[in-house]
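# Notes for the structure review
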Amino acid sequence: MAEEEGEAKAPVPGPSSPVSATAATKTTTSATPAKATSEAVSYLADDFEVISAQATAKDDPFHKSLSECFQLLRESRDEAKPLFSQEDPTEESEPRMKGSILNQVSTAVTVNFIDPTTKPNHGPKPDNTLAAAAKSAKDAAVIENVYEKLTHVFQRDYGSTLRSIQYRNIRTGENDVITSLPVHPVLFGAGGSLPANGNAPWGGTGTSALPSDPSEWHTGPFCHVYIAACQGLDHYRNKIRPSLQAFVSQLESAATQPQLASTGGQGGHSAHYLVVYIPMGPKDKESDNGKPQNARNAVASRLSMVRRRFANAGSREDLDGSQHSKDSLDSNDVPSEGDDAEAAAASFNLLSKSERNIYKKIAADFPNGKVCALSRGSLSHQLDTEADSSSGFAVKTQEWNSFNRCLGAVIVNGFKDRCRRYQDELRRLDAERASQATASKNGKDTIPSSFNLSHFFLVKESLAFTYEQMHLPAEALLQYDEFRAFLPDLSDSDYQKAKKDRKECRALQPEEGSLTLLELADAGEVLAFRRKVRSVTDLKPILDIMRRYLFARELCLLTKMEQPAELVARCRKFIKLMYTIMMRGISDKDPAEQKRRKAKAAEWVIQFSWDVKCTSERFLVSMAELVPTMDDAATAHSSPSLLGDTSEATQAERALARQLSELLDLVRLFYKELGDSKFGGKNPLRVYEKSLPSDMFEPWKPWVAREEKPVEDKPPSGPPKRLSIMQRASVPQINLMEVERRFILSEAFDSEEAYEDTYLEIASSLVTLNRFAGRKRIAARLQGEIAETLVRSGLLVEASEIFKKTVKICRWDHWDRCHFYRLFRLAYCQRTTAKPSEYLKTLVSAFSPRTTAVAPKSALLFLQDDLEAVIGHESVGESRYGKLAFLEIQFEVTDVSEDAATDMGDAFDRKQLLKKYCPVGDTVRIRITLNSNLPRAIELDSLQLFIVSFDTFSTVIENSESVEEEDAFKILSTDCPVKLAPGKNVYTLDWTPTNSGQYILSTAEIVWKQGFFYYDSMDLPEALHCVDVLPSDPTHSLTLEPEVLLPGHDQEVLISFNAADDFVTGGKLQLACSEGLTLIPPGEDPTNGNWQNGCEIDLGSCKQGESKTFIAHVRCGLLETFSHVSISETSTLDRSHGLSVEAITTYLHEESEDADHPMRNVTEVFAPILEKTALSVEGIDVIWITPGKRAMVNVNLISNTPKYFSVEEWDLVLPPPIFLTEGSDLNGDLLQCKVSDGDQLSLAFDCSVVEGKVEMAAEEPALKMKLRDDVGKQFTLQLPIDLTEHYLKVMDGANMKAPITATASLLVEATEGNVGDPLLLTFKIDEGDLGALDTIAYSILSDGSEWLVGGQVNGIIDKSSLSCEVVGIPAVAGPLSKFPSLILRHSPKDGEVVPLTTKIRFPQPFGSYPPTSEVAVAFPNAK
């Protein structure tokens, strides 16, 4: 038979093989044989009874499997080790893994090893024996038992596991990586499970019978490893190659045979192989620089030769001219396929020359396989002398890495080939099914089809096993999902027929000492279940059992995938399926039987779901840790400890909690329906659903404060059992170590109280799961049911704690009607149990704007009655209350200027600040709007507003404190008592600030009986209101007389201070003189000569309207910038020079003379010095009445002082030959004429030329004037008059020659430079009228203010070049427009010097910059 053949041909007799699974099945079966038989009979009778009986079975296989799955998931997460990374369970493995649901299918890939060096019946040796054998064989020509040594090192160093295996997904075509892949090596020959045959061509062993049934292909090896221990090239040609050729020929011939089980083909055979070349011959006598290598340096020498070969690749010779395949080496000794090529290259380049030749021969002779090399040192149990060094260890590691990569590549190739053969077989079977279905649909009489759904399932599951062995559980699960689509849907008639066929079904026949098919399916026993299913051709009689088996396999695979949430989701689907099976055919039953079946089905659903909940709680470690703190964290919108945790583990638990909550919600509904069936129409849980609680129909009694009794006198608040249930309802305890099955319905229907207790337990677990999953609204709805149940039981204190949590959720979600109802129920619980201060918080919360809009007025009136009674209790005054919902407040500042709102920053929670401005003394009107949500008017005891300075307010907020009364700068109060009507109430407070600064409208204090309510502006939704009080403008003044100082004179300065409307509390006058000014302080005698640069005078206090005067004597010297020239467009005052008087005062507003903090003001006046004379010459006009004889000279003057002055007298001084005409005073009307700033004065003089010898006079023309200012002080002026042109005209008409005019241009070496850098200045003279002159002398002058000149500043002009040069040095920084001047003189031979009139053309201003460096001389200091 096929099944017997499949069992006999399994080549993997290890602990993970089907043989081990069979043994485990037999062990389990022998424990409960009688029970297995009875359950088989009951299933044959009615599957409903079988399923319903599992609800009360103590040892339920699904409960056991679920417990194991979640326990393994938790341990895997805690150890941070994937389940697939665990080694295959062996006899020495952890006891908990034996018989595990994860151990039904081997999770390791089977690899056949062919080792000719292993002698028949050679068993494993202890480590010391193996080490001794390795040591003794080190120098031997032949090595034995290579398989044993290789697998020992592979297990010791690598755990028989390959890492990071790359493969391409067969279904999606995407590249992926298998993290770890355990390997199960099997010796295929001597020393294995098969008898030896000395005549076998590949090493003295015979072949094994490989599985031909496609449903058993998963038991075959994925690939083969041939161990080629070669002593040399002759040994390879004579021994190794013939044996390998025989082995490969048989593999390839088997691969080309038909792969169908019906033809007897070897479909489970793998044609992929790896040749492990182990060189056993003597080493080459290679040398480095002619020196032989010793044994210790051989490895290092080999590594260096590898590097040289890579550097000099390209000059190799092929042995025997062999043609290499794609997996062998090319002419450069380097393979060409990714990681496989790198692995082959690594193995190749660690060999000696002769060994490389043999390696290349193997690769060329067997191109369809892969080749790698391992040295004898790599197979040693202990490091030998050669491998003791770090180089030897590196060589060994590199060789084994190469072996692992090659083995992984061969396994992946074998896996792909096996999957391809599976797909071909499944397509063939599906084609048979389609042909049968088409023939049946057309009604044609055909030969019975060979399609067998049982065989199709076995093949499909065998493919799933293959994926599972390759550590691809998701792909394995997909195979079961696809097979589920092939299961037929039975009609009622088909079901009845299938039910009858069960008696003839071989798989359902009881066997002595073995488990039934149902038990095997529920336990997920793979081998025994497949053996029984193999005997069935029609799956309809066992269709429901197949679905149960598929569910068991899903549990296993989802556990390996580490997806607990999906595992629970599959449990929900399984529950739905089983419930459908139990309800099948119920319509044909009588009403009593229908009721019984519905109740039994509900009980099974509840118990199975409860099993899922209890077992899955093993995984919910984070939820168990957060349960004690979930009352505070889970109801918050954002909690760092709960909702803010984004770790992968917590997210996985939260996803699991969401699935469990949906499952338990189904349990809750079934439990209520079950209560309807058990209690008839008197289900206690339906009372809350149909009508309001009975206590709401009782009269609302006036509130009376409860009496505090000693603790020892307090009676218990309820039944002891209900108290424990209440505790579980409030804070459910999760038992992570619970193992035994807990029956939730064992005592649920003993009484109505027990029924409610069980419901509380279910609901409390559901609440905890929903809150942990973030479903706070669902949790709040269930908490309301729990609280009402506790109220009916008289547990008001416990009910109030639950109501508090639901109230928060309703308020946040704006469920206004529900919010008020929960508050009303909370008030009912607290009015007789809570302290007055606690009850007060609930009462004021019930009068929020949203709740009062939807609440019944009668209920609000009842609550206000309690509020007015509670607020008067003396214990209420012991606490400070913040912002409460029954009263809303709003601030507003009116009648002052306003600024835009500004952001206050993070320290103020990004609060906006609305600033208003007003000066000191103005009245600020503050409007307070109170909106009362109470239905009746009340009378407040007081209403106060705390005004706090900005600095104090900032300090309080940054310290996370509240504003207290002592923090207030000003407290404003309304008239008491304050009538507060329902709705909007407006109150006005006036404040006249007496100090400048910024002030915040911080807190409103409302006192109502014993209650003190504080509304901080930081808690209000509006912006902060700030009043910025500005100092008021002072009215006191400071004046100086005179306002302008005249240079070169001593003057009295009158300083006047007038308080005007201010009350000056104190102050001082500071007098400061600029350069060139000195003063004698007021009150000192000027004759003492105590001239100072400044002084300070105590001003003292001044009442309103009071004035004070001070007289100081000021001496003004002549300034360098003083000018006699009049330039009317230029200011005549020197703003940087003069007398400064500064009054620093503190003053108060006229209405607040008693203020503690006066304002400060600084007043400054300045008396500048004139830069020009009081009168300056604006212009001179000469009109010749008689040319050369008589002229009218008109002098135009302009006033430069801001004050009036009068002209007392004047005198025009003219040098000869021009004189004033006697008796011709034309200006008499201008005497005592007053002029001020900008006024012009014109004086006319009649002048005559006196005949005679005309000579140039040394005296310059001038106008002398005597003036008197407005204070009566006289002073004189001498103004120069420029009449040179007219004097020259007079002299030209006499015996003098007219002067010669010369024109010169100044050339500067550069347009800009640094201060102190010498420059060449060249004066270029135009020839003009100078050609007839003999000698011309020059002088170059500079006043030193801007330029310093050096070199030949005096000399004779060279007639050939008509130029002269000097060195000029910029003296100051800035634009220099004042250049050195040139004076020319004619020196005739008679010795007379005649000055020449010189006109100079100057260049653009020179750009002078500060010096960049200083030059200094250092010299030693002799001591």
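Nothing here was measured: the structure is a model prediction, and the numbers come from that model. Each chain carries its own residue numbering, running from 1 in the written order of its sequence. In view of the model being predicted, local features appear only for residues whose pLDDT reaches at least 70, and side-chain atom pairs are presented and counted only at 80 or more, with totals across whole chains, interfaces and linings using the full set of residues. Heavy atoms throughout the structure, all of them, feed into the side-chain values; hydrogens and water do not.

## Observations concerning the nonpolar core
Among the nonpolar cores identified, the biggest contains 212 residues, and Ile 411, Phe 529, Ile 542, Trp 604 and Leu 930 are the most heavily contacted of them. Within the second largest apolar cluster, 33 residues are counted, among which are Leu 1175, Ala 1191, Leu 1197 and Phe 1245. Nine residue types can take part in a nonpolar core, namely buried Ala, Val, Leu, Ile, Met, Phe, Trp, Tyr and Cys, and a core is a set of them joined through side-chain atoms within 4.5 Å. Throughout this description, buried means an accessible area under 20% of the type-specific maximum (1.4 Å probe, protein chains only), exposed means over 50%, and partly exposed covers the range between.

## Overview of helix H11 (residues 353–365)
Between its first and last C-alpha, H11 extends 18 Å over 13 residues, near the 18 Å set by a 1.5 Å rise per residue. Per the convention used, a helix needs a DSSP run of H or I reaching at least four residues, while a strand needs a run of E reaching at least two, with both numbered from the N terminus. Inspection of H11 places Glu 355, Arg 356, Ile 358, Tyr 359, Lys 360, Lys 361, Ile 362, Ala 363 and Ala 364 among the buried residues, and these make up the whole buried set. Expected helix span is computed as 1.5 Å times (number of residues minus one).

## A word on the sheet that holds strand E25 (residues 1077–1080)
What makes two strands pair is DSSP finding at least two bridges between them. Judged by pairing direction, the sheet is antiparallel, and its four strands sit side by side in the order E22-E23-E27-E25 without closing on themselves. Of all strands in the sheet, those bounded by a partner on one side alone are strand E22 (1037–1041) and E25. Between one strand axis and the next, the sheet turns through 30° on average, direction left out of account. As paired strands, strand E23 (residues 1050–1058) and strand E27 (residues 1107–1116) are joined by nine bridges and run antiparallel to one another. Bridged to Asp 1050 within E27 is Arg 1115. Each axis is a line fitted through C-alpha atoms, taken for helices only over the stretch in contact, and angles between the N-to-C directions span 0 to 180 degrees.

## Here we look at the sheet that holds strand E42 (residues 1336–1341)
The mixed open sheet is built from eight strands, whose spatial order is E43-E45-E41-E39-E48-E47-E42-E44. The outermost strands of the open sheet, each flanked by one partner alone, are strand E43 (1347–1350) and strand E44 (1354–1356). Neighbour to neighbour, the strand axes of the sheet diverge by 30° on average, direction disregarded. Examined bridge by bridge, E42 and E44 share three bridges and lie antiparallel to one another. The residue bridging Ala 1337 from the neighbouring strand is Ile 1356, located in E44.

## With respect to the confidence of the model for the chain
In regions of low pLDDT, the predicted coordinates are not meant to be interpreted in detail. pLDDT gives the predictor's per-residue confidence on a scale running from 0 to 100. In the predicted model, the chain carries a mean pLDDT of 78, and the fraction of residues at 70 or more is 76%. With pLDDT under 50 throughout, residues 383–387 is counted as low confidence; its partners more than four residues away or in other chains account for 13 contacts. Any two residues having at least one pair of non-hydrogen atoms within 4.5 Å are treated as being in contact.

## Here we look at the environment of Pro 1034
Mapping Pro 1034 onto the fold places it in the loop between strand E21 (1024–1030) and E22. For Pro 1034, a relative accessible area of 30% gives the class partly exposed. For the pair formed by Pro 1034 and Ala 1059, sequence separation is 25 residues and the distance between their alpha carbons is 9.0 Å. Discounting chain neighbours no more than four positions away, the residues touching Pro 1034 are Asp 1062, Tyr 1147 and Asn 1161.

## So, the packing of helix H28 (residues 796–812) against helix H29 (residues 816–830)
When two helices pack together, you describe them by how their axes are tilted relative to each other and by the distance separating the axes. In the contact formed by H28 and H29, the axes pass within 9 Å of each other and the chain directions differ by 160°. In terms of axis orientation, H28 runs roughly antiparallel to H29. Two packed elements cross with a definite hand, and for H28 against H29 that hand is left-handed. Contact residues: Leu 796, Ala 799, Ser 800, Phe 803, Lys 804, Thr 806, Val 807, Cys 810 and Arg 811 in H28; Cys 818, His 819, Arg 822, Leu 823, Arg 825, Leu 826, Tyr 828, Cys 829 and Gln 830 in H29. Gly is placed with the polar residues, together with every amino acid not listed as nonpolar (Ala, Val, Leu, Ile, Met, Phe, Trp, Tyr, Cys and Pro) or charged (Asp, Glu, Lys and Arg). Per-class residue counts for the contact of H28 with H29 are 10 nonpolar, four polar and four charged. Here the angle decides the label: under 35 degrees means roughly parallel, over 145 means roughly antiparallel, 65 to 115 means roughly perpendicular, and every other value means oblique. In a left-handed crossing the near helix is turned counterclockwise from the far helix by less than a right angle, and in a right-handed crossing that turn is clockwise.

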